[in-house]
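Examining the three-dimensional arrangement
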Amino acid sequence: MIGSDAQRKTVLRSDVAAPEVVLFDDPTAWNRYVREHPQGTFYHRFEWLPLIARVFRHRVLPYAAVADARIVGVLPLVYIRSKFFGRVFASMPYVNYGG
């Protein structure tokens, strides 16, 4: 248990730009980020999104967090309309990893 005197502190640095979350359409940059990230998997690759769109007819939204003109995070979202579950966003449905 953390003692009462130990608290988290947020440090704001003026030399680091806050990331901006944007729809991203550069597969090469996306895949480079995934390849270089220690937790990146095959299922994080950009190619999965158009495949899911084509095969399952879901809308895909490749979001990336960008700071200082480089990717600092990716969020591959899929919009699913289901009779059973309603309308939901999922990160890489139908695969075991990547969400």
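Preceding this section is the structure that the text describes.
Below: a short report on this structure.

Calculation rules
Residues numbered from 1 in each chain as written. Predicted model: local features only at pLDDT ≥ 70, side-chain atom pairs only at ≥ 80, totals over all residues. Heavy atoms only, no water. Helix = DSSP H or I, 4+ residues; strand = E, 2+ residues; numbered from the N terminus. Buried < 20%, exposed > 50% of the residue type's maximum accessible area, 1.4 Å probe, protein only. Contact = heavy atoms within 4.5 Å. Pairing = 2+ DSSP bridges. Axes fitted to C-alpha atoms, helices over the stretch in contact; angles between N-to-C directions. Patch = residues over 30% accessible without salt bridge, like charges linked within 9 Å, V, L, I, M, F, W, Y side chains within 5 Å. Areas by Shrake-Rupley, 256 points an atom, 1.4 Å probe, with all protein chains shown as cover. Salt bridge = Lys/Arg side-chain N within 4 Å of Asp/Glu carboxyl O. Phe/Tyr/Trp six-rings, centres within 6.5 Å; stacked < 30°, edge-to-face > 60°.

Right, let's talk about the side chain of Asn31 for a bit. Positionally, Asn31 belongs in helix H1 (residues 27-36). Judged by its relative accessible area of 7%, Asn31 falls in the buried class. Those residues within four positions of Asn31 in sequence are excluded, and the remaining contacts are Arg45, Phe46 and Glu47.

Spatially, S1-S2-S3-S4 is the arrangement adopted by the 4 strands of the open sheet, whose pairing is antiparallel. One side of each edge strand has no neighbouring strand; the edge strands of this open sheet are strand S1 (20-23) and strand S4 (86-91). In this sheet, adjacent strand axes meet at a mean angle of 25 degrees when their direction is disregarded. Bridge analysis of strand S2 (residues 59-67) against strand S3 (residues 70-82) gives 9 bridges, and the strand direction is antiparallel. Across the sheet, residue Ala67 finds its bridge partner in S3, namely Arg70. Across the sheet, H1 lies against S2 and S3, angled at about 105 degrees from S3, the strand it touches most.

Attention shifts here to the pairing of S4. Two strands pair when backbone bridges link them, and S3 and S4 are joined in this way by 6 bridges, in the antiparallel orientation. If you follow Arg81 over to S4, its bridge partner there is Arg87. Counted along the chain from S3 to the antiparallel partner S4, the turn is 3 residues long.

Together, Leu51, Val55, Phe56 and Tyr94 make up a nonpolar patch on the protein surface, roughly 380 Å² of accessible area in all. Within the element layout of this structure, Tyr94 appears in the segment after S4.

So, about the packing of aromatic side chains. Under the defined criterion, the tally for this structure stands at 7 aromatic pairs. Both rings, one in Phe42 and one in Tyr43, keep their centres 5.7 Å apart while their planes meet at 75 degrees; by these two values the pair is edge-to-face. Note on Tyr43: relative accessible area 25%, which makes it partly exposed. Judged by centre distance (4.2 Å) and plane angle (20 degrees), the rings of Phe56 and Tyr94 are stacked. Here Phe56 is found in helix H2 (residues 48-56), whereas its partner Tyr94 is found in the segment after S4, with 38 residues between them in sequence. Taken together, Phe24, Trp30 and Phe46 form an aromatic cluster joined through their ring pairs.

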